[in-house]
Each structure stands twice: as C-alpha cells, then as structure tokens.
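# Structural description and commentary
Okay, here's what each chain looks like letter by letter:
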Amino acid sequence: MAPTCASDEQMTLQTSFLLRSNIVLMTFIAICTFFLSYKALIVLKSYQIFHPSTKLLLITSLVFVNFHEIVFMFVQVVTFYRSITLSNEPCKIMRSTYECKYQNQMIIVGIAGMIYVQSALSLDRLIATIFPLHYSKTKYSPGIVLSILVVISSILSPIIIVWNDPYVDTVPNCFFFPQYSASRANTFLIICNVVIIVCIFLNILLIVINKKLEVRTRFFVEKRYQKRETLVSTRVVCYIAVAQFLGLITYSSLVLTLRLHQKFIPVSMYHNIVWWAYTVPFAAVSLPALLIYRIKRIGIVRRKTINQITTRFETQEEHMKHLKELWS
C-alpha cells in the first residue's frame, strides 16, 4: 500500500532543522558506538578480568548494540535523504509500514537483544554466586546457552509484536511501530521496563551478597578469590545495567506514555517528542564506553594493590596487629 500524503504539519516536521539535527546527532552516536565497540573488544581481550562465560555475554551484548546501530543509522540516513530530496513531495515523503516492515523488525530485534542480554548477564552472575565452584569450571557453557536463548527471544519478539499486522498505515520513519500492533507494542515496552528494573535490583542484591560471602571466606584463598572475581564482574554488569536502564527506560516509558495518550497530542508535537525520546542509541553507546572505563579502572586498581603488597614492609608488631584485625 502506498503511503498517504503528508499534511502541512507533517511536512514541516519532516523537513525541519530539528529532525535533521536529531539524525545528525544519532548518526554521530552510532559511529562512536562502532569505534568504542572495537576498542572494547580489544580491552576485553587484553584484560583477563571476566570469566569466559561473562566475556561471551558481553561480546553478545556488543553484537546486539552494533546490530541496532547499523540498522538505525541506515533508517536515519534514508530519512535524512528523503527529508532533503522530497521536501516538496508531500505524497512521497511519508513511509508505508509495509515498506518499513523488515527495518522495523530488525530495530525491535536490536532493542530486545540489548535488554534480554542484560537479563542473561544478571542470570550469569546469579549462577556464579550460587554455584561458584561449579561455575568456575564451566568456562563458556553458561554463556553459550544464555546467548542462544537471547538470540532466539530477540528474533521472536518482533514476530510476536507484529503478528498478523496488515501493514496498511503510514509512518514518518521506519522505527515507528505499526498502528495495528499498538497493543502488543505497548506490552513489549512494559515488559522492557520490568525486565530492566528487575535486572538492576538483582545485580544490586548480588553485589551485597558477594560482599558478605567474601568476608566469610577471607581465610579460604580460592573461595575468596572466586567471590572477589564474582563481585568485580557483578559490579561491572550492574554499572552497565544502570546505564542501559537510563537509556532504555527513558525510551520505553516516554514512548509508552505518548502512545497511550496519542489522541490527545498534536501530530507535530507527538512525532517531535518521539524522535527525541528515542534514547536507545545513548544506551547503546554507553555499553562499550562503560566497559572500557570499568575494565581499565579495575586494571589500575589491581596494579596499585600489587605494588602496595610488593613494596610494603611490615614490622612484626604491625603484622600481628593486622592478623588480630582479620580474626576479630
């Protein structure tokens, strides 16, 4: 079905400086994401901080982030091109949901993957906390299973959301959900919010638990090392989850609110807000950026600790005092 002609209000929006500046900004963020992801992969390879399973899941998350950004950047560039070349063509500038079908579905896959992989990372940390000895021997197994589940769930998400959608409505851009799938799209956004919030609380809980377990096992070197590694990994995952939370929940909650009250909002205002409410790229770029920062930070702290241990000389009295403190 051919898209309907744009109204004067829609034409103003589609050719506005505000829209074009948004596209330029989001494209810049996408390019930054690609560059930082490459750096993050190098850092992940160089610093042996994470368990192989966690590392695999972090790589999976980078894959989904970049998949989303590639598709989204393509959609944005096409929109920018159409905004310029079709600025006097109101009957051509809008897009039919049918021609946006696959692009929209791929964007949903990217968003779903970014969220589901956070759940997988949280589950990975949970397994490491509950079964530390077994987990330390499993290597890639948990990560492989969880990654497969994430991929399957992400692919199924758009299929479920747009199931039997006739694709007969018109949208200004391909990242807009089809109108006839509105209720399922809203449900998806609600699920996204719930999943992210649960992940945040789960990771905070795991940090608290691992801190306590680390204290209890301070005289068992192997167990203490495992708890320390779990704690370090969980903290990194929690930081990432918080950043993803801020970006994704802003998008999902704002868009959900707009969709539920769309009939009360002027068309131009609605589309303008939706353009700028799409904060998924900010969540995407935060992942590799935070990974690089946290991994390097951990490396610095470790080197500092090693230097303190190797350069510090204790007297017998200081050593006995330190032992008493440990046993107290």
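Here goes a summary of the coordinates provided. Just so it is clear, the structure is predicted and the values come from calculations on it, not from any experiment. Residue positions are given per chain, counted from 1 along the sequence in the order it is written. Restriction of local features to residues with pLDDT of at least 70 applies here, the model being predicted, together with a cutoff of 80 or more for giving and counting side-chain atom pairs; totals for whole chains, interfaces and linings are based on all residues. To obtain the side-chain values, all non-hydrogen atoms of the structure were used and water was disregarded.

Glancing now at the layout of surface pockets. Rolling a probe over the atoms, with the probe sized like a water molecule, indicates the empty space that remains. When its volume is computed, the second largest pocket comes out at roughly 300 Å³. Think of it this way: any DSSP run of H or I at least four residues long counts as a helix, any run of E at least two long counts as a strand, and we number them from the N terminus. Listed by contribution, the elements that provide at least two residues to the lining of the second largest pocket are strand 2 (170–171), helix 7 (182–216) and helix 9 (267–277). When residue character is reported, Ala, Val, Leu, Ile, Met, Phe, Trp, Tyr, Cys and Pro are called nonpolar, Asp, Glu, Lys and Arg charged, and the others, Gly included, polar. Looking at the lining of the second largest pocket residue by residue, the class counts come to seven nonpolar, six polar and two charged. Of the grid points, spaced at 1 Å and generated over the protein atoms alone, those admitting a 1.4 Å probe that cannot get out make up cavities, while open sets with protein on both sides within 12 Å along at least five of seven lines make up pockets; any residue with an atom within 4 Å of a point is treated as lining. Grid points are joined across faces, edges and corners, and a volume is the space filled by probe spheres set on the points.

Moving on, we get to the packing of helix 3 (residues 52–85) against helix 6 (residues 141–161). For helices, the axis comes from a line fit to the C-alpha atoms of the stretch in contact; other axes are also lines fit to C-alpha atoms, and the angle between any two N-to-C directions lies between 0 and 180 degrees. Packing of helix 3 against helix 6 brings their axes to within 8 Å, and their N-to-C directions diverge by 25°. Between helix 3 and helix 6, the interaxial angle falls into the category roughly parallel. Viewed along their axes, helix 3 and helix 6 form a crossing whose handedness is right-handed. Judged by residue contacts, Ser53, Leu56, Leu57, Thr60 and Phe64 of helix 3 engage Pro142, Gly143, Ile144, Leu146, Ser147, Val150, Val151 and Ser154 from helix 6. Residues that form the contact of helix 3 with helix 6 fall into these classes: eight nonpolar, five polar and no charged. Just so you know how the angles are binned, under 35 degrees is roughly parallel, over 145 roughly antiparallel, 65 to 115 roughly perpendicular, and the rest oblique. The crossing is said to be left-handed when, going from far helix to near helix, the turn is anticlockwise and less than a right angle, and right-handed when the turn is clockwise. By definition, residues are in contact when any of their heavy atoms lie within 4.5 Å.

Note on disulfides: each one is a pair of cysteine sulfur atoms within 2.5 Å. In this structure the tally under the stated criterion is two disulfides. The residue that forms a disulfide with Cys5 is Cys91, at a sulfur-sulfur distance of 1.8 Å. Across the S-S bond of Cys5 and Cys91 the torsion is about 95°, and the bridge reads as right-handed. With Cys5 in the segment before helix 1 (8–14) and Cys91 in the loop between helix 3 and strand 1 (95–96), the pair connects residues that are 86 residues apart, well separated along the chain. Exposure categories follow from relative accessible area, calculated using a 1.4 Å probe and restricted to protein chains: below 20% of the type maximum is buried, above 50% is exposed, and the middle band is partly exposed. Residue class for Cys5 comes out partly exposed when judged on its relative accessible area of 42%. Between Cys100 and Cys174 runs a disulfide, and the two sulfur atoms are separated by 1.9 Å. What sets the handedness of the Cys100 and Cys174 disulfide is the S-S torsion sign, and at about -65° it is left-handed. In this pair, Cys100 sits in the loop between strand 1 and helix 4 (101–130) while Cys174 sits in the loop between strand 2 and helix 7, placing the two residues 74 residues apart along the sequence. Neither residue differs from the other here; Cys100 and Cys174 are each classed as buried. Taking only the cysteines that form disulfides and numbering them from first to last, the protein chain has the pattern 1-2, 3-4.

Turning our attention to the side chain of Ser83. Along the polypeptide, Ser83 turns up in helix 3. Beyond its immediate sequence surroundings of up to four residues, Ser83 is in contact with Gln14, Thr15, Leu19, Arg20 and Ile93.

What follows deals with the environment of Leu18. Among the structural elements, Leu18 can be located in helix 2 (residues 17–46). Put simply, Leu18 and Trp275 are 257 residues apart on the chain and 9.4 Å apart in space, counted from C-alpha to C-alpha.

This next bit is on the packing of helix 4 against helix 6. Packing of helix 4 against helix 6 leaves a shortest axis separation of 8 Å and a crossing angle of 145°. The two elements helix 4 and helix 6 cross, and the hand of that crossing is right-handed. Packed against helix 4, whose contacting residues are Gln105, Ile108, Val109, Ala112, Gly113, Tyr116, Val117, Ala120, Leu123 and Asp124, the element helix 6 presents Pro142, Leu146, Val150, Ser153, Ser154, Ile155, Ser157, Pro158 and Ile161 at the interface. Grouping the amino acids of the contact of helix 4 with helix 6 by side-chain chemistry returns 13 nonpolar, five polar and one charged.

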